[in-house]
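# Observations on the model geometry
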Amino acid sequence: MTSCQEFVVTVHTSPGPTCGTFSRLWLNLIGSQGETPPMSVNEGDLHLLPGSMCRVQVRTNASLGRLVLVRLRLEARTGFPNLDWHCSRVEVRRLSDGQEGPGGEGSGSGSGSGAGAEDPETQVFLCNRWLRSVDGDVELHSGKLCLLNDETDEKLKQLRLRRLQHQQKLFRWCKSIDGSPHSVDLNSVSELGPNLSYTHKSPAVNLHYLKGFTGRTEAWTGFSELETFFAHIGNQNNIARFIRSHWMEDWYFGHQCLNGCNPLLLRQTRLLPPHLSVTSDMLRPFLPEGSSLEAELQKGSVYLLDYEVLDGIAANVINGKQTYLSAPLCLLHLNQQGQLLPVAIQLQQKPGPENPVFLPSDPGCDWLLAKIWVHNADFQCHQLASHYLRTHMVGELCCVATLRQLPDQHPLHQLLMPHVRTSLQINFQARASLLKAGGVFDKAVGCGLEALPLVLSRASARIHYRSLCVPDDVSDRGVDKLPNSFYAQDALRVWDTLHRFVVSWLDLYYSGDDEVQQDSELQHWITDINTHGFTHDSGFPQSFQTKAEVSKFFTMIIYTCSALHAAVNFSQLDFALWVPNCPASMLRPPPQVKGALTEDDIMSFLPDVNSTCQVLTTLTVLSQPAVNYVPLCHYKEAVFMDGAHRRLVEKVQADLQAISDDITERNSQLQLPYPYLCPGRIENSVAI
């Protein structure tokens with residue numbers, strides 16, 4: 001005897017104005033013992049309109065058993081545009097014997113959907129994504145997030161496997177630069193599909209005063225001309241105005257090393273590099289009375305900037321002129337007033353008579369130019385290593401691995417994707433514009449397109465896992481206890497808050513370390529990252545053995561793609577508007593002797609007028625948060641809105657708000673504020 005079952009199925013279209021579609025929707029119910037034939041949902045008066053519900057009744061002649069999946073398939077209608085459709089969810093209510101179905105309810109707002117969702121006989125199959133006719137069958141599961149070993153139904157286990165196999169065909173690795181992390185293999189952004197694409201709504205930016213200089217391929221005539229230029233492009237920027245007033249002062253140079261747009265290179269040193277030609281006698285005038293270089297090294301008050309990654313790199317040709325790069329070593333001393341002051345600069349790595357060590361006691365133009373050369377080297381390392389490699393490329397690496405190895409039922413897929421999803425589109429666009437022939441690196445930056453792969457490869461070889469984890473990084477570099485190290489102070493607070501959030505999320509799904517070790521999907525994920533990421537001895541975990549290791553790694557990714565990107569991206573225009581403070585290229589070679597420079601000579605080293613404006617135009621656009629940006633740990637995805645997840649999100653948002661309040665109060669007392677890690681200004685992912 002057959003057992004007849006009846007269901008009321010309610011299909012919810014998301015409310016956005018473009019979420020509806022003309023296409024026909026086919027639906028199957030799949031149970032543990034069978035499945036229904038496909039039926040068309042939107043016939044007659046039922047339409048997939050924005051914010052609508054389509055209710056249909058499904059009757060089976062045989063028992064389906066326990067309802068496991070809902071299968072959806074879009075089919076374009078002849079004569080109508082083939083529009084994508086954004087499905088919110090599908091609700092399925094099993095009818096008791098003799099219970100009436102919905103009759104012919106249509107596509108309006110309807111009634112009873114909220115009550116149905118709470119009915120114990122109602123199952124909710126979340127979708128919250130775009131569907132396309134080219135996707136074919138899309139299967140939704142109603143179970144909560146879980147690990148593979150906690151999946152009780154064989155059909156759901158098979159669904160996870162099928163999805164990953166499908167994803168691995170869609171998202172393939174591409175080795176674009178030898179020695180650096182691999183990227184996604186794409187020919188166009190459209191291949192990402194609507195669920196991995198986004199629209200960046202840029203605010204209105206004033207480029208009016210940067211546009212008229214394209215024909216000026218010569219140097220600035222003098223500082224007075226730069227002042228006039230700055231009055232039009234930077235005078236409304238309080239931080240840039242402060243920099244213009246103080247950029248020549250040594251205390252400010254040290255402050256920028258700690259709190260500028262590249263706060264990741266400065267490190268404490270107790271042993272001088274052997275190729276840095278300084279002696280104790282040479283530096284004695286710049287150290288406390290009665291002290292020595294050896295004593296200051298032992299005390300931990302000596303810091304180093306080393307740009308050896310640029311050693312021997314061929315510089316770009318801009319406007320038909322050869323530009324020049326240096327690979328400086330810069331020694332700084334923490335004085336008794338808590339100021340970090342530069343005390344020695346050697347512009348090239350190899351010591352020798354034509355590579356003098358510049359000192360604060362040298363003629364003013366010599367010392368100033370030496371600091372400008374350090375800023376120029378820092379620009380190259382900031383853009384390529386600290387910014388593009390450490391945030392954009394790391395985000396893309398982890399996004400591709402997640403799409404390939406963690407199914408969307410996995411709780412760590414859901415935790416991570418809001419922080420990495422945008423990296424695929426923005427990186428493809430960067431490679432197709434900024435980093436391409438005719439782009440800003442080709443036309444205006446000292447490290448041009450020919451040198452770029454070598455610098456990225458070298459920088460990748462020098463990355464260590466500890467340098468990506470804030471507590472390890474700032475401690476290893478000795479900047480965590482410095483009184484005015486605002487990046488380090490703020491980074492530690494944001495990291496700790498994110499880490500508590502991640503630990504609490506993991507506690508919902510992993511009861512112990514053994515479950516981490518047995519999570520084959522997670523282990524395949526970290527293997528994929530290691531295979532296609534930093535393949536040298538980088539210190540990345542080769543597998544996960546403990547919950548603590550997983551929590552640290554996922555905190556690293558979320559911090560990198562949100563807070564670190566905010567610190568190195570949204571700050572860059574402030575420090576570059578006054579051109580000598582952050583020159584993108586240098587038009588004369590590093591000086592080999594002292595005492596031969598005038599102020600006018602310094603201008604001849606700086607980039608041409610048109611290339612200056614091209615760089616500043618790019619930085620102006622990149623430094624503007626989108627109108628529709630999503631703040632850190634704010635989520636639109638439905639999975640973050642249910643009970644336990646919602647409580648964790650509310651807690652982390654409250655903790656981040658407390659940090660924002662503290663930073664705002666501190667900055668109000670500072671002559672030069674550090675706003676870049678204020679959580680309210682941190683974007684949830686790398687989206688620009």
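No experiment lies behind these values; they were computed from the predicted model shown. (Residues numbered from 1 in each chain as written. Predicted model: local features only at pLDDT ≥ 70, side-chain atom pairs only at ≥ 80, totals over all residues. Heavy atoms only, no water.)

With that out of the way, let us pick up the nonpolar core. Grouped together as the largest cluster of nonpolar side chains are 170 residues, with contacts concentrated most on L412, W525, F553 and Y559. Ranked by residue count, the leading element in this core is helix α8 (residues 364-405), at 22 residues. Ignoring any residue separated from it by four or fewer positions in sequence, one finds Y559 in contact with V470, Y487, A491, V494, W495, L498, L564 and L677. Judged by nonpolar contacts, the second largest core, of 26 residues, contains V41, V56, V58 and C127. (Core = buried A, V, L, I, M, F, W, Y, C linked by side-chain atoms within 4.5 Å. Buried < 20%, exposed > 50% of the residue type's maximum accessible area, 1.4 Å probe, protein only. Helix = DSSP H or I, 4+ residues; strand = E, 2+ residues; numbered from the N terminus. Contact = heavy atoms within 4.5 Å.)

With that settled, the discussion passes to the pairing of strand β15 (residues 329-334). Each regular strand displays side chains that alternate between the two surfaces of the sheet. With 5 of 6 residues buried, β15 is to be regarded as a mostly interior element. As paired strands, strand β12 (residues 302-306) and β15 are joined by 5 bridges and run antiparallel to one another. Bridge assignment links D306 to a residue of β15, and that residue is L329. The loop that links β15 with its antiparallel partner strand β16 (residues 340-346) comprises 5 residues; one of these, G338, has a positive phi angle of about 80°. (Pairing = 2+ DSSP bridges.)

Let's shift gears to the packing of aromatic side chains. With the rule as written, the count across this model stands at 26 aromatic pairs. On the basis of an interplanar angle of 85° and a centroid distance of 6.4 Å, the ring pair of W373 and F605 is categorised as edge-to-face. Taken as a pair, W373 in helix α8 and F605 in helix α20 (residues 599-605) lie far apart in primary sequence, 232 residues in all. Given the relative accessible area of 0%, W373 is considered buried. Pairing Y635 with F640 gives two aromatic rings, centres 3.8 Å apart and planes at 10°, and the pair type is stacked. An identical accessibility class is assigned to Y635 and F640; each is buried. Following the ring pairs from residue to residue traces out a cluster consisting of Y465, W525, F534, F540, F544, F553 and F554. In this arrangement the basic side chain of R216 is found over the ring face of W220, its NZ or CZ atom lying 5.9 Å from the centre. (Phe/Tyr/Trp six-rings, centres within 6.5 Å; stacked < 30°, edge-to-face > 60°. Lys NZ or Arg CZ within 6 Å of the ring centre and 35° of its normal.)

Attention shifts here to the packing of helix α15 (residues 486-507) against helix α22 (residues 643-668). Running from N to C, α15 and α22 point in directions that differ by 170°, and their axes come no closer than 9 Å. The angle between α15 and α22 places the two elements in the roughly antiparallel class. Of the residues in α22, those in contact with F486, Q489, D490, R493, V494, T497, R500, F501, S504 and W505 of α15 are H645, L648, V649, V652, D655, L656, A658, I659, D662, I663 and R666. The residue inventory of the contact of α15 with α22, partitioned by class, reads 11 nonpolar, 4 polar and 6 charged. (Axes fitted to C-alpha atoms, helices over the stretch in contact; angles between N-to-C directions. Parallel < 35°, antiparallel > 145°, perpendicular 65-115°, else oblique. Nonpolar A, V, L, I, M, F, W, Y, C, P; charged D, E, K, R; others polar.)

Within the secondary structure layout, S571 lies in the loop between α18 (547-569) and α19 (572-576). A relative accessible area of 0% means that S571 is categorised as buried. Among the polar contacts made by the side chain of S571, one reaches the main-chain carbonyl oxygen of A567 at a distance of 2.6 Å. Those residues in contact with S571 that lie beyond four places of it in its chain are C261, A566 and Y676. (Polar contact = N/O pair within 3.5 Å; in protein donor to acceptor, adjacent residues only side chain to side chain.)

Right, let's talk about unusual backbone geometry for a bit. In this structure, N128 takes a positive phi of about 50° despite not being glycine. Along the chain, N128 falls in strand β7 (residues 122-131). Exposure remark for N128: the relative accessible area of 35% places this residue in the partly exposed category. Even without glycine at this site, C633 takes up a positive phi of about 60°. With respect to the helices, strands and loops of the structure, C633 is situated in the loop between α21 (609-622) and α22. Judged by its relative accessible area of 0%, C633 is buried.

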